Amino acid sequence: MKKVVFCLVVFFLAGSACAVVVDDCEDGDYSGPEWWMFDKITPQVVKNSDGEKSKGKYSLEITGEVRGWYSGGIGMYVADKADCEKTGSMILDVYGYGKDSGQIKIEVTDDDNLNWDCEQDDNYKLIKDDQLVYQFPVNWEGWKTVKIPLSKFKDSNPGIGDDEFNPEKGDGSSGGLLQFNIIFIGAKSSGAVHVKIDNIVFE
């Protein structure tokens, strides 16, 4: 993942929609300043088996301890990498290990006070910008491509920001889609999570 800019590719499609490959794990590394990690998960880049090569040579394996449903997560600041329209999607490949693999919650933040920053209080709660979430269970075995239209993300902090999802940069004063977190939650209130992810794309 090449110093966490990993394999970052930006190219623009028709209109102002975009396609941004955030990470495809193909440099076989997990290091650098752009990804952050929090709480009780362990990420590691692993080599895919011959039967998985359609997903590339490597993927990111996540294991973690679950307490009170929660395990931990990873995230990245993307405002300097993407200009995404509301009609876009977030796409990622997810490998499940069966019905108890866990759940994935994706949090995205948009820029409502036009400063390209995510202000937080002492409890890491946003105080100026919208936070929107989408959550799904990983209850299958093997690889599955999950495509989430940005319109499916729901406001999780009403009264903060403008309560509208504004992922596009517009006239350039807004940072648009600022950052995202991928949070790993247990299939049960205690136990473990175990998944692999790959090919994280905004399109």
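Residues numbered from 1 in each chain as written. Predicted model: local features only at pLDDT ≥ 70, side-chain atom pairs only at ≥ 80, totals over all residues. Heavy atoms only, no water.

Attention now moves to the overall build of the protein. The secondary structure content of the protein amounts to 0 helices and 13 strands. Across the 203 residues of the protein, 48% fall into the buried class. Put simply, of all contacts in the protein between residues at least 6 apart along the chain, 75% involve residues at least 24 apart. (Helix = DSSP H or I, 4+ residues; strand = E, 2+ residues; numbered from the N terminus. Buried < 20%, exposed > 50% of the residue type's maximum accessible area, 1.4 Å probe, protein only. Contact = heavy atoms within 4.5 Å.)

Now for the side chain of D129. You can see D129 is positioned in the loop between β8 (102–110) and β9 (131–138). Buried within the structure, D129 lacks any salt-bridge partner; K128 is the closest side chain of opposite charge, at an N-O distance of 8.8 Å. At a separation of 2.8 Å, a polar atom in the side chain of D129 contacts the main-chain amide nitrogen of D112. If near-sequence neighbours (up to four positions away) are discounted, D129 is found in contact with T109, D110, D111, D112, N113, D117, C118, E119, N157, I160, G161 and L178. (Lys, Arg positive; Asp, Glu negative; His and termini not counted. Salt bridge = Lys/Arg side-chain N within 4 Å of Asp/Glu carboxyl O. Polar contact = N/O pair within 3.5 Å; in protein donor to acceptor, adjacent residues only side chain to side chain.)

So, on to the nonpolar core. F180, F184 and I197 are the most contacted members of the largest nonpolar core, which has 35 residues in total. With 5 residues, strand β13 (residues 190–202) is the largest single contributor of residues to this core. Apart from residues lying up to four places away in sequence, F180 is in contact with V22, W35, W36, I74, G75, M76, V78, M90, E107, V108, I200 and F202. (Core = buried A, V, L, I, M, F, W, Y, C linked by side-chain atoms within 4.5 Å.)

The phi dihedral of C25 is positive, around 65°, even though this residue is not glycine. Relative to the assigned elements, C25 resides in the loop between β2 (18–23) and β3 (35–39). Residue Y124 is not a glycine yet carries a positive backbone phi of 65°. Position of Y124 relative to the elements: it lies in the loop between β8 and β9.

Before going further, it helps to spend a moment on the pairing of β13. Across 8 bridges, the pairing between strand β5 (residues 58–67) and β13 is antiparallel. Directly across from R67, in β13, lies its bridge partner S190. (Pairing = 2+ DSSP bridges.)

Now for the environment of N181. With respect to the helices and strands, the residue N181 is situated in strand β12 (residues 177–185). Setting aside residues no more than four positions away along its own chain, N181 makes contact with W36, F38, I74, G75, K105, I106 and E107. At 2.8 Å, the side chain of N181 forms a polar contact with the side chain of W36.

With that settled, the discussion passes to the environment of E141. Along the polypeptide, E141 turns up in strand β10 (residues 141–149). Each C-alpha atom, one on E141 and one on K99, is 7.8 Å from the other, the two residues being 42 residues apart in sequence. Once you skip the residues sitting within four places of it in the chain, E141 turns out to touch G96, Y97 and G98.

The next point concerns the pattern of salt bridges. One pass over the structure, following the stated rule, counts 3 salt bridges. Here K99 ties to D100 by a salt bridge, and the two come within 3.4 Å at their closest N and O atoms. The exposure class assigned to K99 is exposed, which follows from its relative accessible area of 61%. Assessed through its relative accessible area of 38%, D100 is described here as partly exposed. Salt-bridge contacts for K105 lead to E107; the nearest nitrogen and oxygen are separated by 3.9 Å. By relative accessible area, K105 is classed as partly exposed at 22%. The class for E107 is buried, based on a relative accessible area of 12%.

Bringing the confidence of the model for the protein into the picture now. Here the protein averages 84 in pLDDT, while 85% of its residues score no lower than 70. Per-element confidence in the protein ranges from a low mean pLDDT of 31 for strand β1 (residues 9–12) to a high of 96 for β9. For the stretch residues 1–16, pLDDT sits under 50, and the model shows 52 contacts to residues farther than four places along the chain or on other chains. (pLDDT = per-residue confidence, 0-100.)

So, on to the packing of aromatic side chains. How two aromatic rings sit relative to each other is given by the distance of their centres and the angle of their planes. This structure, assessed with the given rule, holds 7 aromatic pairs. The interplanar angle of 75° and the centroid separation of 5.4 Å between the aromatic rings of Y95 and W143 together place this pair among those described as edge-to-face. Of this pair, Y95 sits in strand β7 (residues 89–97) while W143 sits in strand β10, and the two are 48 residues apart along the sequence. Here F153 and F165 contribute two aromatic rings whose centre-to-centre distance is 6.4 Å and whose plane-to-plane angle is 55°, an arrangement assigned as tilted. Note that F153 is positioned in the loop between β10 and β11 (154–155) and F165 in the loop between β11 and β12, a separation of 12 residues in sequence. (Phe/Tyr/Trp six-rings, centres within 6.5 Å; stacked < 30°, edge-to-face > 60°.)

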